[in-house]
Amino acid sequence: MVYSPGLWLELCGWIGALVLMGGAMFWLLVSAGAKNNPNANDDEAMGIVLAVLSGLSAIPYAVVMVVGGRKMRSLSGYGWALIASIGGISSVVLFPFACVFAFVPVVFGVWGLVALANPVVSLAFDENARGSDEWGG
């Protein structure tokens, strides 16, 4: 029940990180182009600010989505899985400049939340946590 949304959330994390890092590179190139243009007044500073924001937002987003998706698939971290699902849903608010692509993780985030709300899934997370405690893992 949680393997597929976990896999897709993890993929959204990796792809989102690549897109955000690509955005950072884009804004650095815009900034470099503005530096060579005598008519551009504040474009250089704005490009650098947007590059830094895009690059810094990629790190926590990718960590939450990748770790949460992986923990969801292995039934080993309910909290991480829940945060990844919420992160997928909030991607449309966090990254509105990504246009249509920001809506893709929303679908998988909702799917993950619905799966996590199932009592059988909660029991499986509990059983897995109890089983790993018994064996010292």
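Residues numbered from 1 in each chain as written. Predicted model: local features only at pLDDT ≥ 70, side-chain atom pairs only at ≥ 80, totals over all residues. Heavy atoms only, no water.

A. Examining the packing of helix H3 (residues 78–94) against helix H4 (residues 104–116) more closely. Axis separation between H3 and H4 bottoms out at 7 Å; the angle between their running directions is 145°. Judged by the sense of rotation from one axis to the other, the crossing of H3 with H4 is left-handed. Together, Tyr78, Ala81, Leu82, Ser85, Ile86, Gly88, Ile89, Ser91 and Val92 of H3 and Pro105, Val106, Gly109, Val110, Gly112, Leu113 and Leu116 of H4 make up the contact between the two elements. (Axes fitted to C-alpha atoms, helices over the stretch in contact; angles between N-to-C directions. Helix = DSSP H or I, 4+ residues; strand = E, 2+ residues; numbered from the N terminus. Left-handed = near helix turned anticlockwise from the far one by under 90°. Contact = heavy atoms within 4.5 Å.)

B. Structural detail: H4. Between its first and last C-alpha, H4 extends 19 Å over 13 residues, near the 18 Å set by a 1.5 Å rise per residue. Within H4, burial applies to Pro105, Val106, Phe108, Gly109, Gly112, Ala115 and Leu116. (Expected span 1.5 Å × (residues − 1). Buried < 20%, exposed > 50% of the residue type's maximum accessible area, 1.4 Å probe, protein only.)

C. Expanded view of H3. Spanning 17 residues, H3 covers 23 Å between terminal C-alpha atoms, matching the ideal 24 Å at 1.5 Å per step. At Gly88, H3 is bent by approximately 35°, the largest bend along its length. (Bend = angle between axes of the 7 residues up to and from the residue.)

D. Region of interest: the nonpolar core. Grouped together as the largest cluster of nonpolar side chains are 15 residues, with contacts concentrated most on Val2, Leu9, Met72 and Leu116. Among the secondary structure elements, those contributing two or more residues to this core are helix H1 (3–35), helix H2 (43–74), H3, H4 and helix H5 (119–134). Top contributing element to this core by residue count: H2, with 4 residues. (Core = buried A, V, L, I, M, F, W, Y, C linked by side-chain atoms within 4.5 Å.)

Such coordinate-based values are descriptive only and should not be taken to indicate function.
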